[in-house]
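Spelled out, the chains give:
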Amino acid sequence: MAHTSTIQKLRDWFLQHRRDFPWRQDPTPYQVWISEVMLQQTQAARVVDFYTRWMKRFPTVEDLAKAPIEEVLKLWEGLGYYSRARSLHEASIDIIERFNGKIPDDANELATIKGIGPYTVGAILAFGYHQKQPAVDANVARVLARFLELPDDISKAKTLQKFRGIAHALLPDHEPHIIAEAFIELGASICKKTPECSACPLRQACKSSLAGTQKHFPVKSQKIVYETLFRDVAVVVCEDSLLLRQGKKGIACSGLYEFPYFDSQLGGRASACVQQQLAREFALNTSFEMHLDEEKQSFTRFRVTLYPKLFKAAKKEMIADHEWFRLDQLDLLTFSSGHKRVMKSFVELL
């Protein structure tokens, strides 16, 4: 295991080189929780503005719990993976009801709250309560695997559990939260997929660096297989209104607004085909206006290419599960990421 002097080098490096983020400025447990959920599957630089706006609107658990879910989703718009926002909202209500608004400082209690997994438990206890607790995310797992030449498969839950024990043993009794965060920072900025070993404060004690085996670690067997989808998106305008639908509960993009869309093919179908489908499925009499810019959309295990086409409808027909919204109402709605860009492309034409 690492010598005290090695951990001291890591501490010194972190205090000198750590990036300045708003959630690192004497954070409360609530601020740690929100920032860690936002940082899941999102780069830190992108999170800054979202986090700042969120804390201005929802500075406490109580403020979040009282807010309507529509407002929560709107403030989350652009971060993607909206289930995270829904879980935060549900969990805030749970914290009010079961813990009188105080985020627990006990690992077992934290683990009972929706959306709070082992890493977030560790982060809240380490950075919010300054307990001697490890916070092992993908960055830390990568650092530990290389530092100790650990052949365990990091895609497995039992490996992460083992790594949490190893990380805990590396934490000092004095200000352990600094070292816990230093490991995260090291993985994010130095010990990346392609490591920059010459700049690493642990290089003189790192087993894989000394052996030249960095590229063999970490071991990760499980790979996500993404499904490719193609969709024709119908941007249908009538007078001063657009036709939209809201994702149903329990499906991807639940609660988010989108334009009508149809399964398509690479390159999209001819506008006449989409026009015929609008007439067949919605009884809409439309005229094709123009093609809009192709957009990409990602959610869960899907990678989607959107082919938006602008149509003008002769009449605002009533269509099941759809609604006509005035153009001046669009800013109040929360769109899925790809359809938000389609909407922006349309608005720029006005």
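The structure under discussion appears in the preceding block.
Here the structure is a predicted model, which means the values were calculated and not measured.

Chemist: Before we go on, may I ask you to explain the overall build of the protein chain in this structure?
Modeler: For the protein chain, the helix and strand inventory stands at 14 helices and eight strands. Taken along its principal axes, the extent of the C-alpha atoms in the protein chain is 75 × 50 × 35 Å. Put simply, the protein chain has 350 residues, and 49% of those count as buried. Per element, the accessible surface of the protein chain, about 17800 Å² overall, is 51% carbon and sulfur. Side chains of the protein chain carry 47 positive and 42 negative charges; the gap between the two charge centres is 6 Å.

Chemist: Honestly, the nonpolar core in this entry has me stumped. Any pointers?
Modeler: Looking at soluble globular proteins, one finds that nonpolar side chains tend to be buried together. Residues Y30, W33, I34, W54 and F183 are the most contacted members of the largest nonpolar core, which totals 73 residues. In contact with Y30, not counting residues within four places along its chain, are W54, M55, F58, P59, T60, V61, L64 and I103. Residues V233, F259, F299 and F335 belong to the second largest nonpolar core, which totals 21 residues.

Chemist: Explanation requested: the packing of helix α9 (residues 138–148) against helix α10 (residues 157–170) in the structure shown.
Modeler: When two helices pack together, their arrangement is captured by the angle between the axes and the distance separating the axes. Where α9 meets α10, the axes come as close as 10 Å, and the angle between the chain directions of the two elements is 75 degrees. Classed by the angle they form, the pair α9 and α10 counts as roughly perpendicular. Of α10, the residues touching α9 (which contributes A141, L144, A145 and L148) are L160, F163, I166, A167 and L170.

Chemist: What am I meant to see in the state of the cysteines here?
Modeler: Simply put, disulfide is the name for a covalent bond between the sulfur atoms of two cysteines. Scanning all chains against the criterion turns up zero disulfides. C191 takes part in no disulfide bond, and the closest cysteine sulfur, belonging to C200, lies 6.3 Å away.

Chemist: Help me understand the pattern of salt bridges in this model?
Modeler: Here the idea is simple: oppositely charged side chains can pair when their charged atoms come close. Taken as a whole and judged by the stated rule, the model has 20 salt bridges. K296 is the salt-bridge partner of E294, the closest N and O atoms lying 3.6 Å from each other. Between R341 and E295 there is a salt bridge, and its shortest N-O distance comes to 3.5 Å. Of the two residues, R341 is situated in helix α14 (residues 337–347) and E295 in strand β6 (residues 295–299); the sequence distance between them amounts to 46 residues.

Chemist: For this particular structure, what's the right way to read helix α2 (residues 29–39)?
Modeler: One full turn of an α-helix is made of 3.6 residues, so residues set three or four places apart face in the same direction. Taking burial as the measure, the eleven residues of α2 include nine buried ones, the bulk of the element. Residues of α2 that are buried: P29, Y30, V32, W33, I34, S35, E36, V37 and M38. Among the residues trailing α2, Q41 stands out with phi positive, at a value near 60 degrees.

Chemist: Looking at this structure, I do not really get the pairing of strand β7 (residues 302–313). What am I missing?
Modeler: Put simply, side chains in a regular strand alternate between the two faces of the sheet. Of all the twelve residues making up β7, ten are buried; the element is thus mostly covered by neighbouring parts of the structure. When strand β1 (residues 227–238) meets β7, the two strands line up parallel, connected through eleven bridges. Looking at the pairing, T228 lines up with R303 of β7. Looking at chain direction, strand β5 (residues 286–291) and β7 are connected through five bridges and run antiparallel. In the strand pairing of β7, F288 is matched with F311. Two strands pair when backbone bridges link them, and β6 and β7 are joined in this way by five bridges, in the antiparallel orientation. In the sheet register, Q297 faces β7, and the bridge partner there is V304. Hairpin connection between β6 and β7: a loop of two residues separates the two successive antiparallel strands, and T300 in this loop has a positive phi of roughly 40 degrees.

Conventions used here
Residues numbered from 1 in each chain as written. Predicted model: local features only at pLDDT ≥ 70, side-chain atom pairs only at ≥ 80, totals over all residues. Heavy atoms only, no water. Helix = DSSP H or I, 4+ residues; strand = E, 2+ residues; numbered from the N terminus. Buried < 20%, exposed > 50% of the residue type's maximum accessible area, 1.4 Å probe, protein only. Areas by Shrake-Rupley, 256 points an atom, 1.4 Å probe, with all protein chains shown as cover. Lys, Arg positive; Asp, Glu negative; His and termini not counted. Charge placed at Lys NZ, Arg CZ, Asp CG, Glu CD. Core = buried A, V, L, I, M, F, W, Y, C linked by side-chain atoms within 4.5 Å. Contact = heavy atoms within 4.5 Å. Axes fitted to C-alpha atoms, helices over the stretch in contact; angles between N-to-C directions. Parallel < 35°, antiparallel > 145°, perpendicular 65-115°, else oblique. Disulfide = S-S within 2.5 Å. Salt bridge = Lys/Arg side-chain N within 4 Å of Asp/Glu carboxyl O. Pairing = 2+ DSSP bridges.

Shape is all these values report; function is a separate question.
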